[in-house]
Structures are given as structure tokens and as C-alpha cells.
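Residues per chain are reported as follows:
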Amino acid sequence: MPTWTALWFDDLANLELRIPRPTPCVIDLTYRPLAFRQAANTLLAIDFGAVMGALRFFLIIFAVWLGCGPAMAERRVALVIGNSAYKSVPRLSNPANDATLIGGMFKRAGFDMVDIRLDLNAGEMRRALRDFGGKAREAEVAVVYYAGHGIELDGTNYLIPTDATLETDSDVLDETLPLDRALFAVEPAKQLRLVILDACRDNPFAKTMKRTIAARAIGRGLAKIEPTSPNTMIAFAAKAGSTASDGDSKNSPFAAALVERLPTPGLDLRKAFGFVRDDVLKNTGYKQEPYVYGSLGGDDVPLVAAKPVVTAPQGPTANPQDGIRRDYELALQTGNRDGWEAFLQAYPDGFYAGLARAQLKNVAAEEARAAAVAKARQAEDEKARLTAERANKAEQEKAAAAAKAAENARLAAEKAKQVEEAKAAAAEQRRKDAEAAVAKALADKQAAEKALADKIANDKAASEQAAKQATEKAQRDGEQKVAAVAPTQSAQSLSPQETAKLVQSELRRVGCLTGAADGEWNAAAQRSLTLFNKHAGMKLDTKLASFDALDAIKSKQGRVCPLVCEHGFKADGDTCVKIACRAGYRVNDDNECEKVQDKKPVAVREDAKPRDNERKKVESTPSKPQATGQLICNGAGCRPVRPGCRLEFMRDAYGGGGSAARNFEVCN
């Protein structure tokens, strides 16, 4: 065989042949050189000059058969890592469970390769990321999910293997893997590069780690990151500078929300992570807010392709604010000064412009904080340098003062950033509330329009059916003239009691009747229809229940008659509830709570007439003899003086011719 012929076949064996088809089909013969060369050697047994054209045709058909079948779908790969069994700190309960759950979600979503790895040390993590990087070269979508401990050092994020000890801050560089290593692994993917980090937990390593430089910053949670590669997204379980919760269940709130939202067919990733954020905020009492960094293009990028739809109904007219809202969300995903300034340049006024200015202030506060941290670090380094060089005391004191001032400036910048973050979060919540209100109003309007259209269509159909039946009846009876039948004639067949019951039911609906709809058109029902006339501005006949009254009441969508409650009750929607006042207060005549006044004693003049009569009666009654309280004594002893008697002192003559003085009882 000529040498040039063999060379031609060797070159063709490594050829990339593209055949125009509705879906491009790429034939890469590099992976099958042996089979191709065997077929070529067989063909060379035939006379080359005679069958050159047939040979070329056969080679093309053979290559198409060898490399092309049905159009291949895009290849999607995922690496899932869950580190729970740490050797130097307490074990984490959820990361292994979360990794198993997320890996199962990727498998159910139809990923071509899902590698689930648990409790990896540093060497195993490096090998897993290196091997996954090779698989990502052949994929359109590459995803890395990591659950475990992470740490931020001087603005750089690191993933912590299970065998790390981290006794000093310098050990971070030797015993951990930088987040950039995971980004490097997904970078070869052609369409989407996604890194999901459930690693924002409260880090026990940071509490025991010794710092070689006092000014070195070890952050709480993970630091904000801006991917440099296009079509790259990084999802944090908690916003930069904050920590995530493991939750009280088997899985973390972040992992549970991911499994719920990400596999939704056709749902754009940006919107899916927005739903994840809302779910985690709600389930953690608004303490944990997931965040997404990076940006995608203008097209929707779902993790699971949408199911094909045969027909789609004509949707409502697009809201003019939708374009502004999409641009705002893109700027929010970017999260930097350039993005917000570009948005404000395009939309300088309006509701979203105010929200964008609040976000721009938050970005400025973050820049001021970063500058203050850098200045504090420089001041601390200068202080250490002067100490090492044994500079004079004045220079050292000056450097120490500068370091202290820089540290104070850093603390002030941190506080200002927290304030601006709170304001930005409040502005973002206002935006979501406003958008939800607009969406609800639009949905209510569309529902009302649909209900009205359905009612009109039903009425029209009923009218046509009634007219058709009447026409057929007239034709059967031999009438020459077709009678015009009103749409509501079918209702005339109702009895007066049934009609009254329908009117009473509608009067109850609009709040004009409090009794039961019993079908009796009594005085209470007539009063309720009178109330309806008063508040609706109508003049319906109240003496009987008519179809005109029924149609008029049905035309009112909501309550017509105001709700009247008894004293001590107030209206709450369509019901009356009792007014509850706190201790020391009571309901006054105006149905308001007022404080109970303490009762003061009131002086009351006593009637003097009964008292005077009693005094006169006592004075007119003769006094009774009372004991005087005196005692008289003799040889037999002492006794009280009898009532009405008294003692008198006199002399007594004895038989011996002498005399003695003593007391005598005198009773005259």
C-alpha cells in the first residue's frame, strides 16, 4: 500500500466530522481509531483506483453509524460531599444525611453521573474534586454540593476535611481546601457551573484557633464571593457573614428546601433559589437567609427541563413592570456597585429605583468595611514591624495609636454595614410584599373577569336553549308566530315560597337579614328588604318576594347593609365579637374601653329628727336608782351602799358615855 494512502487513513481516523442535521451530530473518531483502522485495512484489499468514490461514501456511512444514533441529550454530572465525622470537633449530625438526600434528588432528576462521597479527609477531597473535574469536561452542567464545616480567613473561603485540626490560623492553608478548588472542578462545564455550600454553620474551629497575627480576620460564616467565570452560580445556605442552622429534624432547612424546589421541571435556577430563600426564612423564624452569588444569562436555566406542552392558552397582557422587575433581580444577583449603578441609570425613578438605592448603600457599606479591615491590618503590621525593628518608643506609641484608631474605624464600618444590610433587607421585603399584592390583585381581576365571562356564556346558552325549546313547541302546536321567550322565564315556574327563600338567602348574603331563610315572607323579611333599599339606593317592592328583587340583590358582590352589633360587641368581618378590656377597664356607653374610677367616700347628713325624738324620750323617763359605787363597813364586814342611799359622816354615842365618829347609810 502506498505510504500516502496509509497516512490519509491515519489522519481520517482522528477527524471530527460534522453532519448537518436538525440536531448537530458530532462524530469523534479519536475514541475508536482501532476499529476504524481495521475497517480501512479491509477496504485496502480492493483496487484503490477503481473504487475510490465508493470507498469515500462507505467511510462516511460507517462513521455516521459508528458515532451517531439518536440525538444525545445534554450531559449533567454532580459531585455530592457530606462531612459529618470530624475528628477534632464534635460530630455534625446532618451533613451525611443532607448529602444522601441531595444525591438522591440529582439521580431522580436524571443526572448522568452522581458521585456521593461521605466523611472525606483532605487527600480524599482533593482526589474527588480532581476526578470530577475530568468528568465535567464532557458535561454541559456540572454541580458540586458540599455539606460540612467551612471557614473564612482574610476574605477567602475554605472547606474543612474531617481530619483537620486547625490549631493555628496558618494551619488553614495546609489542612483545608479553598473554595476556588471546587470552582476549578466545575469550570470545564459548557452550559452551567453550580456550587452549593451548606457550610455556613457556627464553626467550632474558629473558637479554639490561635491567631499568629492579632489583626487577621476570621469571619463568622463564609465571605461573599464574585465568580469570574461566566454562567457560574454559588449558593450559600446563609448570607455572607452569618451562620446557618442544622435544624431539629434529620435534614437541615436548606437541604430540605433544595430538594423541594430545584427539581421543578422548567423552573429557572434563579427563581428556584428565590423560593428556597423564602422557605428557609419561614422555617427558621427569619433568622437564616440563603444567598446566591454569580450571574447567568437572559435565558431561563432550569436544573430539570420543562415537560413539553402541546397547547398553551393565550396568556394575559404582560405587565409593564415585569421588565423592570427582571432587571432588578439580575442586579440583585450581581450584587455589586456597577450592577446597581447601571440599573439606576436605566430606571432613575419609581418603586424599584428606591429599592436599588438602598441596595447600593449596602454595597457602599461593605466596601467601607473592607477598606477599614485592610487599614486595620496595615496598621497592625506596621506596629509589629516597628516592634521587631526595636524602633524608639515614640514611633511605637504612634503606631499603636494608629492601629487602635484603625480598629475603631473597622468596628464602626462593621456596625454601619449591619445597619445598611438591615435597611436593604427591609427594602427587599417591601418589594416582595408589593409584588405579591400586585400578583394577587391581577389574579383576582382575572378570576372575576373569567367568572363574568362564564356567567355571560351560561346565560346566553340558557337563553338560546329556552328560545329553541319555545320555538319547537310553537311549531308543534301549529302556531304561525314564534313567541319571544325571555332568558329568565324558566325561573317563573318557582312557587312563591321557593322564590321567597331565594330572596331571603341573598338578603342574608349581603348582610340585610339576620334570621333564617325559611321561605315565609313575613314582617322580618320585609324589614330586611327595606334595609336593602335604603343602603343600595333602590325602590323595590317590599310586600312580596319578586324575581326583580332577586336579580337586584344578586348583582351586589359584597355586604350592603352594615353590621350592627349590640352594646359590648364590635364588628369583626361579618360577625360580632365581644369587646375585651384589660384589667381595670370597662366598656362605656360608646363601646370603648375606659378606666374604672375609684369610688370616693361621700359625706351624708344624718336626719336629726329621729335623734331629737329619742333624746326627749330619754329625758322624760324618770331615772332609776343606781349604785353610787360606795362601800359601808361594820363589824360584820363591808358591802356596797344600796341603790338610792348615801353615806353620811356623824358621831355615835356608846353606852359607856363616850362617843365615836363613823359613816352611816342614809336612805331618805
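So, here is what we can say about the structure in this document.

Scoring rules and cut-offs
Residues numbered from 1 in each chain as written. Predicted model: local features only at pLDDT ≥ 70, side-chain atom pairs only at ≥ 80, totals over all residues. Heavy atoms only, no water. Helix = DSSP H or I, 4+ residues; strand = E, 2+ residues; numbered from the N terminus. Buried < 20%, exposed > 50% of the residue type's maximum accessible area, 1.4 Å probe, protein only. Contact = heavy atoms within 4.5 Å. Areas by Shrake-Rupley, 256 points an atom, 1.4 Å probe, with all protein chains shown as cover. Core = buried A, V, L, I, M, F, W, Y, C linked by side-chain atoms within 4.5 Å. Disulfide = S-S within 2.5 Å. Lys, Arg positive; Asp, Glu negative; His and termini not counted. Salt bridge = Lys/Arg side-chain N within 4 Å of Asp/Glu carboxyl O.

Here the focus is the overall build of the protein chain. Check the secondary structure of the protein chain and you find 18 helices and 19 strands. In the protein chain, which comprises 668 residues, the proportion classed as buried is 34%. If you take every contact in the protein chain between residues at least 6 apart in sequence, the share linking residues at least 24 apart comes to 60%. Split by element, the accessible area of the protein chain, about 41300 Å² in all, is 54% carbon and sulfur.

With that out of the way, let us pick up the nonpolar core. Counting 84 residues, the largest nonpolar core has Phe 106, Ile 196 and Phe 273 as the members making the most contacts within it. The residues contacting Phe 106, other than those within four sequence positions of it, are Ala 78, Val 80, Phe 111, Val 114, Val 143 and Leu 303. The next biggest cluster of nonpolar side chains, apart from the first, holds 20 residues, and it includes Val 503, Val 510, Phe 547 and Ile 553.

On to the state of the cysteines. Per the counting criterion, the structure on display carries five disulfides. With its sulfur 1.8 Å from that of its partner, Cys 512 forms a disulfide with Cys 561. Handedness of the Cys 512-Cys 561 disulfide follows from its S-S torsion of about 90°: it is right-handed. Of the two residues, Cys 512 is situated in the loop between helix H15 (496–509) and helix H16 (523–536) and Cys 561 in the loop between helix H17 (547–554) and strand S12 (569–572); the sequence distance between them amounts to 49 residues. Grouping residues by exposure puts Cys 512 and Cys 561 together as buried. Across the disulfide, Cys 565 is cross-linked to Cys 576 (sulfur-sulfur distance 2.0 Å). Measuring the twist about the S-S bond at about -85°, one finds the Cys 565-Cys 576 disulfide to be left-handed. Placement of Cys 565 in the loop between H17 and S12 and of Cys 576 in strand S13 (residues 575–578) is noted, with a sequence separation of eleven residues between them. You can call Cys 576 partly exposed: its relative accessible area is 33%.

Further remarks concern the environment of Gln 333. Mapped onto the elements, Gln 333 comes out in helix H11 (residues 321–334). Gln 333 sits 42 residues away from Tyr 291 along the chain, and the two C-alpha atoms are 8.9 Å apart.

Glancing now at the side chain of Asp 171. With respect to the helices and strands, the residue Asp 171 is situated in helix H6 (residues 171–175). Buried and unpaired, Asp 171 has no salt bridge, with Lys 210 as the nearest side chain of opposite charge at 9.6 Å. In contact with Asp 171, not counting residues within four places along its chain, are Leu 166 and Thr 176.

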